[in-house]
Amino acid sequence: MSDDVIALGQPTVGEAELAAIAEVFASGWLAGAGPTCRRFEERFAAATGTRHALTTANCGSALHLALLTLGVRPGDEVVVGDYTFPATGHAVMWAGAKPVFADVRPDIWTVDPAAVEAAITPRTVGIIAVDAFGQPADYDELRAIADRHGLFLVEDAACAAGATYKGRPAGSLADVATFSFHGRKGITAGEGGAYVTDRDDLAAHARKLHTYGVEGALTRAELSDLPIPAFTELGYNYRLSDVAAAIMLAQLDRLPDLLAAKRRTAARYGELLKDHELIVTPHEAPDREHPWQSYVVTLDPSVDRGAVALGLRRRGVQCTFGTYASHVQPLYGQSAPCPVSADLFARHLAIPMHANLTDSQVETVVATLVDVVASAATGR
């Protein structure tokens, strides 16, 4: 990428990550679910306020494991926050169930508890709430709904490492939570994910399923005899390599500084774009700490978003849409309308957000955005 281009997202990696990789190379254990994965899992469980963490190949695999370990079966329905990357709905389908999409709040874009309640049917077995761009959903209200109807609650915390809800860390807010370590996430190994829970039974089952349905090689190596595993349940290869886990250990050390840098950038964006008549800045709920995995603005309906995106890119500022209104995706078939999510899908624009942005770059992004939006507004 040219030095003149301001990247939409960018990892913060360097000597610490290289040293961690070198340590794994020297150990001779590079494969998945090894001792470095175990070390990261212990630290990540502590960081998320949970008893168990399991590293996975990505967040989608962690979501699939969550649904399998919670007992989802073909014919079941799971209520899903609509405004999300389709991995959330896909995971429900991978388990043979049907995702039923519920509309989201217009201010913080997480699933509306009233819409969840309205979507519950006799076939509903659980709820997946999505922490939109990292900001947690309304977990107290969602937990009350789940308990009232005898449902499980999953937190799709793909973007939420470091976030909090009423002082509690993301990951500790549901029966199971799942995280992503994709390259655009707050902490990253390029790819990867995690499944976290307080429940011993779910954690043990997930660990078995993520290694083809048997105990992993590390566990077997710790035994005194020569165990020959028996395959009694269909499992998957959802393991994270120890090389990636080493990177994640270094990234976890960086997390406080990364969060602080992005919060400063978010505050500066807010100051510079305050009261702009065609651009609405994102809202952070007062009882939550937003990790700012992305910075997403809402454009006025009079603004041609495609023209804005083209203008930004031509001038060296990367951007993209926010995320998906899942209910309009052809894969999922007919679905009840989610008008708030559909409106956000049409008007959201993500602008550069990462921990490496300079003040000068932020000012350039804003100046360019304001100029391009003014020229892309119609009927004014």
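Structure shown above.
Just so you know, these numbers come straight off a predicted model, no measurement behind them.

Chemist: Hey, could you go over the overall build of the protein for me, with residue numbers and the actual values?
Modeler: Secondary structure summary: the protein contains 12 helices and 13 strands in total. Here the protein has a C-alpha radius of gyration of 21 Å; the compact-globule value for 380 residues is 21 Å, and the two agree. If you line up the protein on its principal axes, its C-alpha atoms span 75 × 55 × 35 Å. The buried share of the protein, reckoned over its 380 residues, is 53%.

Chemist: Let's hear about helix H10 (residues 305-314): which residues, and what values?
Modeler: Within H10, the full set of buried residues consists of Val-308, Ala-309, Gly-311 and Leu-312. Down the axis of H10, the sector holding all buried residues measures 165°, keeping them to one side. Seen from the buried face of H10, the exposed residues on the opposite side, beyond 90 degrees, are Arg-313 and Arg-314. Buried residues belonging to H10 abut strand E12 (295-299), strand E13 (348-351) and helix H12 (359-376). For H10, the side-chain oxygen to backbone nitrogen distance between the N-cap and Gly-306 is 3.1 Å, and the N-cap itself is Asp-304. Trailing H10 by a residue or two, Gly-316 shows a phi angle of about 85°, which is positive.

Chemist: Tell me about the sheet that holds strand E7 (residues 168-169), and please be specific about residues and values.
Modeler: Pairing is antiparallel in the open sheet, where three strands are placed in the order E7-E6-E11. Looking at the sheet topology across the chains shown, the edges are occupied by E7 and strand E11 (288-289). Pairing analysis gives two bridges linking strand E6 (residues 164-165) to E11, with the strands arranged antiparallel. Residue Tyr-165 lies in a different strand from E11, and its bridge partner there is Arg-288.

Chemist: Give a detailed account of the state of the cysteines, specifying residues and quantitative values.
Modeler: Put plainly, a disulfide is one covalent bond tying together the sulfur atoms of two cysteines. Counting across every chain of the model gives zero disulfides. Cysteine Cys-37 shares no disulfide, and the gap to the nearest cysteine sulfur, in Cys-59, comes to 16 Å. With a relative accessible area of 1%, Cys-37 lands in the buried category. Lacking any disulfide linkage, Cys-319 is separated from the closest cysteine sulfur, that of Cys-159, by 18 Å. On the basis of relative accessibility, which here comes to 5%, the residue Cys-319 falls in the buried class.

Chemist: With reference to specific residues and values, describe the nonpolar core.
Modeler: The biggest cluster of nonpolar side chains holds 30 residues, and the ones touching the most others in it are Leu-67 and Tyr-195. Counting only elements with at least two residues in this core, the list comes to helix H3 (59-69), strand E2 (77-81), helix H4 (87-94), strand E5 (152-156) and helix H7 (200-209). No other element matches the seven residues that H3 contributes to this core. Contact partners of Leu-67, with chain neighbours within four places excluded, come to Val-72, Ala-91, Val-92, Ala-95, Ile-128 and Phe-152. In terms of nonpolar packing, the next biggest core, distinct from the first, is built from 27 residues, Leu-299, Ala-309, Val-362 and Val-365 among them.

Chemist: Explain the sheet that holds strand E3 (residues 98-102) to me, using residue names and the numbers behind them.
Modeler: The strand order E1-E9-E8-E5-E4-E2-E3 describes an open sheet built from seven strands, whose pairing is mixed. A strand with exactly one partner marks an edge of an open sheet, and here the two such strands are strand E1 (52-56) and E3. Recorded for the sheet is a direction-independent mean angle of 20° between the axes of neighbouring strands. Relative to E3, E2 runs parallel, the two being bridged by five bridges. Looking at the pairing, Glu-77 lines up with Lys-98 of E3. Across the face of the sheet, helix H2 (residues 35-47) comes into contact with E1, strand E8 (176-180) and strand E9 (193-197) while running at roughly 130° to E1.

Chemist: Pulling in residues and values, what's your account of H2?
Modeler: Here H2 spans 19 Å end to end across 13 residues, near enough to the 18 Å set by a 1.5 Å rise per residue. Residues of H2 that are buried: Thr-36, Cys-37, Phe-40, Glu-41, Phe-44 and Ala-45. Buried positions in H2, seen along its axis, are confined to an arc of 165° and lie on one side of it. Exposed residues lying more than 90 degrees from the buried face of H2 are Glu-42 and Ala-46. Residues of H2 that are buried sit in contact with helix H1 (15-27), E1, E8, E9, H7 and helix H9 (242-273). Downstream of H2 by one or two residues, Gly-49 has phi in the positive range, about 70°.

Chemist: Hey, could you go over unusual backbone geometry for me, with residue numbers and the actual values?
Modeler: Phi at Ala-33 takes a positive value of approximately 55°, unusual for a residue other than glycine. Position of Ala-33 relative to the elements: it lies in the loop between H1 and H2. The class for Ala-33 is buried, based on a relative accessible area of 19%. One non-glycine residue, Asp-275, adopts positive backbone phi at about 65°.

Chemist: Break down the environment of Ala-307 for me, citing the residues and quoting the values.
Modeler: Tracing the sequence through the fold places Ala-307 in helix H10. As for Ala-307 and Glu-284, which are separated by 23 residues in sequence, their C-alpha atoms are 28 Å apart. Setting aside its immediate chain neighbours within four residues, Ala-307 contacts Val-372 and Ala-376.

Chemist: I'd like a description of the packing of H1 against H9, backed by residues and values.
Modeler: One can describe the packing of H1 onto H9 by two numbers: an axis separation of 8 Å at closest approach and a directional angle of 145°. Viewed along their axes, H1 and H9 form a crossing whose handedness is right-handed. Where H1 approaches H9, its residues Ala-16, Glu-17, Ala-20, Ile-21, Val-24 and Phe-25 are matched on the opposing element by Asp-242, Val-243, Ala-246, Ile-247, Ala-250, Gln-251 and Arg-254. Of the residues that constitute the contact of H1 with H9, the class distribution is nine nonpolar, one polar and three charged.

What counts as what
Residues numbered from 1 in each chain as written. Predicted model: local features only at pLDDT ≥ 70, side-chain atom pairs only at ≥ 80, totals over all residues. Heavy atoms only, no water. Helix = DSSP H or I, 4+ residues; strand = E, 2+ residues; numbered from the N terminus. Rg over C-alpha atoms; globule rule 2.2 N^0.38 Å. Buried < 20%, exposed > 50% of the residue type's maximum accessible area, 1.4 Å probe, protein only. Arc of directions from axis to C-beta. Contact = heavy atoms within 4.5 Å. Polar contact = N/O pair within 3.5 Å; in protein donor to acceptor, adjacent residues only side chain to side chain. Pairing = 2+ DSSP bridges. Disulfide = S-S within 2.5 Å. Core = buried A, V, L, I, M, F, W, Y, C linked by side-chain atoms within 4.5 Å. Axes fitted to C-alpha atoms, helices over the stretch in contact; angles between N-to-C directions. Expected span 1.5 Å × (residues − 1). Left-handed = near helix turned anticlockwise from the far one by under 90°. Nonpolar A, V, L, I, M, F, W, Y, C, P; charged D, E, K, R; others polar.

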